[in-house]
Amino acid sequence: MEDNLIIKTEKLTKRFPMGKSEFTALKGIDLSLGTGEFAGLIGPSGSGKTTLLNIVGSLDTPSEGKVIVLDRSIGNLTAKEAARLRKEKLGFIFQNYNLLAVHTVYENVEFPLLLLHIAGTERKRMVLDALEWVGLTDKIKQKPPQLSGGECQRVAIARAMVKKPSIVLADEPTANLDAANSHNILQTMVKLNKELKTTFLFATHDEKVISYLKRKIYLLDGKLDKDETVSN
Amino acid sequence: MKLALKLAYKNLIGAGLRTWLNVIVLSFSFVLIIAAKGILVGWDRQAKLDMTNWEIGGGQYWNINYDPYDAFTLEDAHAPVPSQLGADIEAGDMIPVLIAQGTIYPEGRMQSILLKGIDPDQTILELPTRKLDTLVGATPVIIGSNMARANKLEVGDYVTIRWRDANGTFDATDICITEIFSTNVPTVDLAQVWLPMDSLQSMLLLSGEATLLTFRDREKPRDEIANWKLMSYKALVQDIEEMIKTKSVGQSIFYTILLLLALLAIFDTQVLSIFRRQKEIGTYVALGYTRREVVGLFTIEGGMHAVLAAVVGALYGIPLLIWFARTGITLGVTSADYGFAIADTMYPVYSGTLVIGTTLVVLLTTTIVSYWPSRKIARMNPTEALRGRLQ
Ligand SMILES: Nc1ncnc2c1ncn2[C@@H]1O[C@H](COP(=O)(O)OP(=O)(O)OP(=O)(O)O)[C@@H](O)[C@H]1O
Ligand SMILES: [Mg+2]
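Quick caveat: nothing in here was measured; it's all calculated off a predicted structure. (Residues numbered from 1 in each chain as written. Chains lettered and ligands numbered in written order. Predicted model: local features only at pLDDT ≥ 70, side-chain atom pairs only at ≥ 80, totals over all residues. Heavy atoms only, no water.)

Caption draft 1: The arrangement of the overall build of chain B in detail. Along chain B, the regular secondary structure elements total 12 helices and 13 strands. What you see for chain B is a C-alpha radius of gyration of 32 Å, clearly larger than the 21 Å of a compact globule of 391 residues, by over 25%. Its C-alpha atoms give chain B principal-axis dimensions of about 100 × 45 × 30 Å. Out of the 391 residues in chain B, the part that is buried amounts to 49%. When contacts within chain B are restricted to residue pairs at least 6 apart in sequence, those whose partners lie at least 24 apart make up 76%. (Helix = DSSP H or I, 4+ residues; strand = E, 2+ residues; numbered from the N terminus. Rg over C-alpha atoms; globule rule 2.2 N^0.38 Å. Buried < 20%, exposed > 50% of the residue type's maximum accessible area, 1.4 Å probe, protein only. Contact = heavy atoms within 4.5 Å.)

So this is what it looks like as structure tokens:
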């Protein structure tokens, strides 16, 4: 386990300024994730799930403690280094999809590859592969406003997965989807986790998501509450 | 950079109507600046050309006492033509002009005029001096159309003039108008009568003398001559240049305001866009942009308004400007209002420098007003932006 460690936090504390005082959203989190895990942060609203996910995703920094992601210390990265980490190694999936509305499905998925300067034919093949994974090859010319919520989230998954990142961070990916779409998407992600060995870390309080997780990390009030690994 | 350009273009086009409104307003300033400047350049050129052809040639020597703004200097402003200029005059590359004050009596009224003597055979100026060679029952003279209109004179009319000769003695004679010419240069037209040089010299008892000498060649180096002032072409057209400069300032106030309005609209769009597109900004960061790079992206996007405006402006501006240049623009002012050469119809001239310069200025200012609000992105918290929670 130790040698394939991909995410590790030690005494991670995050404080936000709140007027004149401070609000502590994470209170000394110790957490380790190995490569290829399919794990989720579970907890009620305000428990700190998103905050933790954002720090792991180098979009935010810890106030105290250590966060190591892919052998990099998140607290010590420069803006450029953090951007590079996200660009090369991390995929994000958001509750509200965050697709680029003026771009087609194809272009949305292509975008991360353009940032990585991947050449034409190779790029095209990767985009089409990713769209195949999520079953959207027939919608490549459409734009996000013309798609259903489920389709949008599948585009978002394709965009997160197209560069085969080491880690995918998914914050409430099913919150805006109905049951059928939620299951469809989760099955897609389980499949990708198996085939590509991508590490998944969710933040959720959706029972449907929780039922798919291999590891359930419960947060309560900014602290680690329970950490269950599903045996099968 | 290529990706940023592509992205910026997509975003701009994607924004639809708002973009096109900004672009069209900006393109107005574009076309207007080029049109307005083109008119001034055309004016400047035409005025100088008219002056050259009708009055100053390639430059002049003035008698040391001569002051064109003070008619009373004329009494003393004459001297024998310097002998070293004889060859030039002989060759027809220089013409002496003698000027004196006089009075004309058309239909019993009287008006002060300038009597100007010039060689009928001269070829430097466009004045139809050949008509001074006409055989009539009095001294043949030519006058400009404004002078003719003001005094109700016509070709073939006989009229009396009066002057004082070199000894201060009054004398009078009849003249006959043999030609009326039309010119945009009021200083050879209004209150002036052109006579054959020989006639004027003998009327004034100033044989062989002149007030000024006009030469043909602008480039040829000229010697200083004692008691004569060398007036270069540049010095003689200085008044025009000054006037154009004044006009130019007035004009630029006008189109600067238009440009500012267009820039304000773009600034506004940028501010709004940064507020409305927080999630998009957050997404760029999540996908691996630094915030600085997003600032760059938004700046390019704003600056690209200018590129689109150049294209749109070209679509209607090029045909419009070409049409202007062909048909000219009638300004409804006359030379008399200004005291020097103005054609009734102005033909704008657009240079490459003008077009490229204007494009660069518009591009630069647009980019600056786009960058300004975009800097805010660099201070944005990406996690807050992703949630669209920034105020
Ligand atoms: N930028 C911030 N400034 C101040 N407080 C914040 C900030 N971000 C989060 N918080 C606070 O930290 C706590 C944890 O927030 P977080 O978003 O991580 O919760 P969450 O578990 O994701 O909740 P939800 O299920 O509602 O998404 C909340 O009380 C929230 O108000
Ligand atoms: Mg959350």
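Structure shown, so let's carry the discussion forward.
Caption draft 2: Local environment of the pairing of strand S10 (residues 223–229) of chain A. Residues and elements named next belong to chain A. The pairing of strand S9 (residues 215–220) with S10 spans six bridges and is classified as antiparallel. Bridge pairing in S10 places Lys-216 opposite Glu-228. Taking the residues that link successive antiparallel strands as the turn, the S9-S10 hairpin has two residues, and the phi of Asp-221 there is positive, at about 55°. (Pairing = 2+ DSSP bridges.)

Caption draft 3: Seen up close, the interface of chain B and chain A. Opposite the 19 residues of chain B that make contact, chain A presents 22 residues. Between chain B and chain A, the buried area comes to about 2000 Å², and carbon and sulfur atoms account for 66% of it. The largest contributions to the chain B side of the interface with chain A come from Lys-10, Ala-286 and Leu-287 of chain B, which together make up 28% of the buried area. Along the contact surface separating chain B from chain A lie one salt bridge. Ionic pairing is found between Lys-10 of chain B and Glu-107 of chain A, a salt bridge with its closest N-O pair at 2.5 Å. Remark: the boundary between chain B and chain A carries three residue pairs in polar contact (both at pLDDT 80 or more). For the side of chain B that touches chain A, the elements supplying multiple residues, two or more each, are helix H1 (2–14), helix H8 (278–286) and helix H12 (382–387) of chain B. When grouped by side-chain class, the residues that make up the side of chain B that touches chain A number nine nonpolar, six polar and four charged. (Buried area = accessible area lost by both parts, 1.4 Å probe. Salt bridge = Lys/Arg side-chain N within 4 Å of Asp/Glu carboxyl O. Polar contact = N/O pair within 3.5 Å; in protein donor to acceptor, adjacent residues only side chain to side chain. Nonpolar A, V, L, I, M, F, W, Y, C, P; charged D, E, K, R; others polar.)

Caption draft 4: Seen up close, unusual backbone geometry. All names here are of chain A. Unlike most non-glycine residues, Tyr-97 shows phi in positive territory, near 65°. Unlike most non-glycine residues, Lys-197 shows phi in positive territory, near 60°. With respect to the helices and strands, Lys-197 occurs in the loop between helix H6 (179–196) and strand S8 (199–204).

Caption draft 5: Spotlight on the site of ligand 1. Near ligand 1 there are 15 residues, and of these Ser-45, Lys-49, Thr-50 and Thr-51 of chain A together with Glu-384 of chain B occur at the shortest range. At the site occupied by ligand 1, nearby residues are drawn from chains A and B. Lys-49 of chain A is positioned with one of its side-chain polar atoms (N or O) 2.8 Å from an oxygen atom of ligand 1. One of the side-chain nitrogen or oxygen atoms of Thr-51 of chain A is found 2.5 Å away from an oxygen atom of ligand 1. In the complex, the protein chains occlude 76% of the 630 Å² of accessible area that ligand 1 would expose alone. The element contributing the most residues to the shell around ligand 1 is helix H1 (residues 49–56) of chain A, with three residues. (Near = heavy atom within 4 Å. Areas by Shrake-Rupley, 256 points an atom, 1.4 Å probe, with all protein chains shown as cover.)

Caption draft 6: Representation of the pattern of salt bridges in the model. Applying the stated criterion to the full structure yields 23 salt bridges over all chains. Measuring nitrogen to oxygen at the nearest pair gives 3.4 Å for the salt bridge that ties Lys-208 of chain A to Asp-206 of chain A. Overall, the relative accessible area of 24% leaves Lys-208 of chain A in the partly exposed class. One salt-bridge network, held together by shared partners, links Asp-44, Lys-48, Lys-234 and Glu-241 of chain B.

Caption draft 7: The packing of helix H9 (residues 291–327) of chain B against helix H11 (residues 352–374) of chain B, seen in detail. Residue and element names in this part refer to chain B. At a closest axis distance of 8 Å, the pairing of H9 and H11 adopts a crossing angle of 145°. For the crossing formed where H9 meets H11, the hand is right-handed. For the pair H9 and H11, contact is made by Val-295, Phe-298, Thr-299, Gly-302, Gly-303, His-305, Ala-306 and Val-307 and by Val-362, Leu-363, Thr-366, Thr-367, Ser-370, Tyr-371 and Ser-374, respectively. (Axes fitted to C-alpha atoms, helices over the stretch in contact; angles between N-to-C directions. Left-handed = near helix turned anticlockwise from the far one by under 90°.)

Caption draft 8: The arrangement of the packing of aromatic side chains in detail. In total, this model carries 13 aromatic pairs over all chains according to the counting rule given. Summarising the aromatic geometry, the rings of Phe-28 of chain B and Tyr-316 of chain B are spaced 6.1 Å apart at their centres and angled 70° between planes, so their arrangement reads as edge-to-face. With Phe-28 of chain B in helix H2 (residues 17–56) and Tyr-316 of chain B in helix H9, the pair connects residues that are 288 residues apart, well separated along the chain. Since its relative accessible area comes to 29%, Tyr-316 of chain B is described here as partly exposed. The structure contains a cluster of three or more aromatic residues connected by ring pairs, namely Phe-38, Phe-200 and Phe-202 of chain A. The ring of Tyr-218 of chain A carries the charged tip of Lys-226 of chain A above its face, separated from the ring centre by 4.5 Å. Directly above the ring of Tyr-233 of chain B sits Arg-218 of chain B, whose terminal nitrogen or CZ lies 3.7 Å from the centroid. (Phe/Tyr/Trp six-rings, centres within 6.5 Å; stacked < 30°, edge-to-face > 60°. Lys NZ or Arg CZ within 6 Å of the ring centre and 35° of its normal.)

Caption draft 9: Geometry of the sheet that holds strand S3 (residues 38–42) of chain A. Residues and elements named next belong to chain A. The six strands lie next to each other as S6-S7-S8-S3-S9-S10, forming an open sheet whose pairing is mixed. Unpaired on one side and paired on the other, strand S6 (90–93) and S10 mark the two borders of the sheet. Along the sheet, successive strands turn relative to each other by an average axial angle of 15°, direction set aside. For S6 and strand S7 (residues 167–171), the ladder comprises four bridges, and the chain directions are parallel. Along S7, the bridge assignment pairs Ile-93 with Ala-170. Of the strands in this sheet, S6, S7 and S8 touch helix H5 (residues 149–161), which is tilted by about 170° from S6.

Caption draft 10: Highlighting empty space enclosed by the protein. Counted under the stated rule, the structure contains three cavities of 30 Å³ or more. When its volume is computed, the largest cavity comes out at roughly 70 Å³. The wall of the largest cavity is formed by His-103, Glu-107, Glu-110, Phe-111 and Leu-114 of chain A together with Leu-3, Lys-6, Leu-7 and Lys-10 of chain B. Going through the elements one at a time, helix H3 (105–115) of chain A together with H1 of chain B are the ones with two or more residues in the lining of the largest cavity. Along the lines of polarity and charge, the residues of the lining of the largest cavity split into four nonpolar, one polar and four charged. (1 Å grid on protein atoms, 1.4 Å probe; cavity = no way out; pocket = protein on both sides within 12 Å on 5 of 7 lines; lining within 4 Å. Points joined across faces, edges and corners; volume = space filled by probe spheres on them.)

Caption draft 11: Expanded view of a nonpolar patch on the surface. Residue and element names in this part refer to chain B. A surface patch of nonpolar side chains, about 560 Å² in accessible area, is lined by Val-307, Val-311, Leu-315, Ile-356, Leu-360 and Leu-363. Breaking the nonpolar patch down by element, the ones donating at least two residues are H9 and H11. Here Ile-356 is to be found in helix H11. (Patch = residues over 30% accessible without salt bridge, like charges linked within 9 Å, V, L, I, M, F, W, Y side chains within 5 Å.)

Caption draft 12: Layout of the environment of Leu-196 of chain A. Residue and element names in this part refer to chain A. By secondary structure assignment, the location of Leu-196 is in helix H6. For Leu-196 and Met-161, which are 35 residues apart along the polypeptide, the C-alpha to C-alpha distance reads 9.4 Å. Apart from the residues lying within four places of it in its own chain, the contact partners of Leu-196 are Trp-133, Met-161 and Lys-164.

Caption draft 13: Representation of the sheet that holds strand S2 (residues 21–34) of chain A in the model. All names here are of chain A. Taken in spatial order, the four strands make up an open sheet running S2-S1-S4-S5, and their pairing is antiparallel. A single partner strand is all that each edge strand has here, and the edge strands are S2 and strand S5 (72–73). Two elements, strand S1 (residues 5–18) and S2, share 11 bridges in a ladder whose sense is antiparallel. Opposite Leu-5, over in S2, you have Gly-34 as the bridge partner.

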